[in-house]
Amino acid sequence: MSTAPTGAPPDDTAAPDAPAPTFARGARILSIGIASTGLLTFAYFSVAGHVLNARDYGAVSTLWAILFVVISVIYRPVEQLLSRTIAQRRSRGLHTGHPLRTPIMIQAGFAALFLVVALVAQSALLSVLGENETLYWIFVGAALAYAASYFARGYFAGHQWFALYGGLVLFESVARFCFPVAVAVGLLHGPDWVAAGILAAPIASLLVIPFALSRMHGKTDGEADPEALTLAEGAGFALSVAIIGLAEQTLLNAGVLTANVTGGEAIAGIVFSALLIARAPLQLFQAIQTSLLPHLTGLHEGDEDDDGFDRTIRATIRAIAGFTAITAVALLLVGPKAMDILFGGHITYGRVGLAVIGIGMGFHLVAGTYNQAALARGRDRAAAGIWLACAALFVAWMLAPIVHSQLLRVETGYAGSTFLLVVGLWLLYRRGGKEVAPLPHVVVAGR
């Protein structure tokens, strides 16, 4: 990452004499918080699966699926926008006074649009939530609360305040997990209280804001920037990332939602539990993904050659390949037994099908790596087109009666769609550097 010119203010993430944060160190710090978050999220649904009947568990799973489609589409774009634009300014030696008006306007606009749509679509949402009004209002409240949470994430990521970012997501997951545990020990009763943890989580995550305010003290003076972000530029980038988020959540949730429509809440819960194999590592990968975008942006903006950029991508993909291989082997050996222990024995999962989801998870992680490279290079529109095409293919596969079993249809469709996604984003990545990670390295991630 390029250094600030002589006379620039010290890095606002540390004391003046402290070293600037690096991608590797940031990823390690974030991994602690987000690894704990992934485990606690998995534990939340594991405990919920034991304390709720199949229908109630399916309703809570559907609530979660719809919520994370929404927040990933409408709020993650501003997180990515803040992360990238703040990193761009810091690479030019502008360390304070980052303009926030445009991101705030976009985030507030997305939140207002969500509220209008949620109120208009109340009847439709109630129908997929089992006509449970409490679940509906938990959904609305949680979605609005996540607006502030994701804004804070983007601000922390752009400054590389990774300890604060990790603390935010850790507070969120701990608060959520407390509710099914309270139901399990008899302090609370019923599915509504299990679902209440989904609302409490984003509110609890904001407990880190006072720590952020103390770090910002004395650093609010603005600095002139002739390349300041305009509303049109910010909205364009946010729209592209929103499309990417919609496509990604389609890959993770279309199977759950179609299973809910065609087979009911119980089948939806089964599909959701299987896809947690992909969700948990993807949540852990946020540690790498979050620190990757500002790091790659700094390399791209810093008038350096592509060596550092490509080395970072290759190292990330090698780590993903190793993790995917271990996961796939573990699922082949003990996957069905582990699923019985975690979610109850009311359904038998095939070991090969679980391993296929593990392979798809590896492809998904590799695609996320190439996606961050595209965003850092300003190729967000092209990346969005690739994601949208692969998501459309997945939906078409889920609606086609080629495979009778909903679970098997999800397993094969997810792995196939993420493989095509990797190919498309790898081809986009090839266009931007002198040295590229060869495609065989990507294929290894899925073996």
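The structure presented is a predicted model; accordingly, all values stated were derived computationally and were not measured.

## Topic: the overall build of the protein chain
Then comes step 1: In terms of regular secondary structure, the protein chain is built from 16 helices and zero strands.
Then comes step 2: Out of the 447 residues in the protein chain, the part that is buried amounts to 57%.
Then comes step 3: Once local pairs closer than 6 in sequence are excluded, the contacts in the protein chain between residues at least 24 apart make up 81%.
Then comes step 4: With an accessible surface of roughly 17,800 Å², the protein chain has 68% of that area assigned to carbon and sulfur atoms.

## Notes on unusual backbone geometry
Then comes step 1: The backbone phi angle of Glu131 is positive, close to 60°, even though this residue is not glycine.
Then comes step 2: Inspection of the secondary structure assignment puts Glu131 in the loop between helix H5 (122-128) and helix H6 (133-159).
Then comes step 3: Exposure remark for Glu131: the relative accessible area of 55% places this residue in the exposed category.

## Quick word on the confidence of the model for the protein chain
Then comes step 1: For the protein chain, per-residue confidence averages 78 on the pLDDT scale, and 77% of positions sit at 70 or higher.
Then comes step 2: Taken together, the stretch residues 1-21 has pLDDT below 50 and engages in 40 contacts with residues farther than four places along the chain or on a different chain.
Then comes step 3: Counted against residues more than four places away or in other chains, residues 433-447, with its pLDDT under 50, gives 34 contacts.

## A word on the packing of aromatic side chains
Then comes step 1: All told, the structure shown has 13 aromatic pairs when counted by the stated rule.
Then comes step 2: Their ring planes at 85° and their centres at 6.4 Å tell us that Phe45 and Tyr57 sit as a pair that is edge-to-face. Linking Phe45 in helix H1 (residues 23-51) with Tyr57 in helix H2 (residues 54-74), this pair joins segments that are twelve residues apart in sequence.
Then comes step 3: Since its relative accessible area comes to 1%, Phe45 is described here as buried.
Then comes step 4: Taken together, a centroid distance of 5.8 Å and an interplanar angle of 75° make the contact between Tyr155 and Trp161 edge-to-face.
Then comes step 5: One aromatic cluster is present, built from ring pairs that chain together Tyr44, Phe45, Tyr57, Trp64, Phe68, Tyr146 and Tyr150.
Then comes step 6: Here the guanidinium or amino end of Arg153 rests over the ring plane of Tyr150, the centre of that ring lying 4.2 Å away.

## What about the side chain of Ser240?
Then comes step 1: Here Ser240 shows up in helix H10 (residues 231-263).
Then comes step 2: Residue classification places Ser240 among the buried residues on the basis of a relative accessible area of 6%.

## Re the pattern of salt bridges
Then comes step 1: This model, assessed by the stated rule, comprises three salt bridges.
Then comes step 2: With a closest N to O distance of 3.2 Å, Glu79 and Arg76 form a salt bridge. Taken together, the positions of Glu79 and Arg76, both in helix H3 (residues 76-91) and three residues apart, correspond to about one turn of that helix.
Then comes step 3: Overall, Glu79 belongs to the buried group, its relative accessible area being 2%.
Then comes step 4: With relative accessibility at 13%, the residue Arg76 sits in the buried group.
Then comes step 5: A salt bridge links Arg153 to Glu172, with the nearest nitrogen and oxygen atoms 2.5 Å apart. Here Arg153 is found in helix H6, whereas its partner Glu172 is found in helix H7 (residues 162-184), with 19 residues between them in sequence.
Then comes step 6: A residue is classified by how much of its surface remains accessible, and Arg153, at 3% relative accessible area, is buried.
Then comes step 7: One salt-bridge network, held together by shared partners, links Arg153, Glu172 and Arg176.

## Regarding the packing of H6 against H7
Then comes step 1: Running from N to C, H6 and H7 point in directions that differ by 155°, and their axes come no closer than 8 Å. Overall, the two elements H6 and H7 adopt an arrangement that is roughly antiparallel. Crossing angle aside, the handedness with which H6 passes H7 is left-handed. Touching Tyr146, Ser149, Ala152, Arg153, Phe156 and Ala157 of H6 are Phe162, Leu164, Tyr165, Leu168, Val169, Glu172 and Arg176, all from H7.
Then comes step 2: Its residues assigned to classes, the contact of H6 with H7 shows nine nonpolar, one polar and three charged.

## Here's the deal with the nonpolar core
Then comes step 1: Within the largest apolar cluster, 126 residues are counted, with the highest numbers of intra-cluster contacts made by Leu67, Phe139, Phe156, Ile198 and Leu425.
Then comes step 2: When residues of this core are assigned to their parent elements, the largest contribution, 16 residues, is made by helix H11 (residues 265-301).

## Observations concerning the environment of Ala238
Then comes step 1: Here Ala238 shows up in helix H10.
Then comes step 2: Note: C-alpha distance between Ala238 and Pro77 (161 residues apart in sequence) is 4.7 Å.
Then comes step 3: Here Ala238 is in contact with Pro77, Ile106 and Phe110, once residues within four sequence places are set aside.

## Remarks on a nonpolar patch on the surface
Then comes step 1: Residues Val329, Leu332, Leu333, Val334 and Val352 make up a contiguous nonpolar surface patch of roughly 460 Å² in combined accessible area.
Then comes step 2: Turning to its location among the elements, Val352 is positioned in helix H13 (residues 351-376).
Then comes step 3: Owing to a relative accessible area of 55%, Val352 belongs among the exposed residues under this scheme.

## Things to note about H13
Then comes step 1: Taking 1.5 Å per residue, 26 residues should reach 38 Å; H13 reaches 38 Å between its end C-alpha atoms and fits that length.
Then comes step 2: Here H13 lies mainly inside the structure; 22 of its 26 residues are buried.

## Notes on the environment of Ala247
Then comes step 1: Relative to the helices and strands, Ala247 resides in helix H10.
Then comes step 2: With a relative accessible area of 1%, Ala247 lands in the buried category.
Then comes step 3: C-alpha separation for the pair Ala247 and Ala392, spaced 145 residues apart in sequence, amounts to 8.0 Å.
Then comes step 4: For Ala247, the contacting residues outside a window of four places in its chain are Trp387, Leu388 and Ala391.

About the criteria used
Residues numbered from 1 in each chain as written. Predicted model: local features only at pLDDT ≥ 70, side-chain atom pairs only at ≥ 80, totals over all residues. Heavy atoms only, no water. Helix = DSSP H or I, 4+ residues; strand = E, 2+ residues; numbered from the N terminus. Buried < 20%, exposed > 50% of the residue type's maximum accessible area, 1.4 Å probe, protein only. Contact = heavy atoms within 4.5 Å. Areas by Shrake-Rupley, 256 points an atom, 1.4 Å probe, with all protein chains shown as cover. pLDDT = per-residue confidence, 0-100. Phe/Tyr/Trp six-rings, centres within 6.5 Å; stacked < 30°, edge-to-face > 60°. Lys NZ or Arg CZ within 6 Å of the ring centre and 35° of its normal. Salt bridge = Lys/Arg side-chain N within 4 Å of Asp/Glu carboxyl O. Axes fitted to C-alpha atoms, helices over the stretch in contact; angles between N-to-C directions. Parallel < 35°, antiparallel > 145°, perpendicular 65-115°, else oblique. Left-handed = near helix turned anticlockwise from the far one by under 90°. Nonpolar A, V, L, I, M, F, W, Y, C, P; charged D, E, K, R; others polar. Core = buried A, V, L, I, M, F, W, Y, C linked by side-chain atoms within 4.5 Å. Patch = residues over 30% accessible without salt bridge, like charges linked within 9 Å, V, L, I, M, F, W, Y side chains within 5 Å. Expected span 1.5 Å × (residues − 1).

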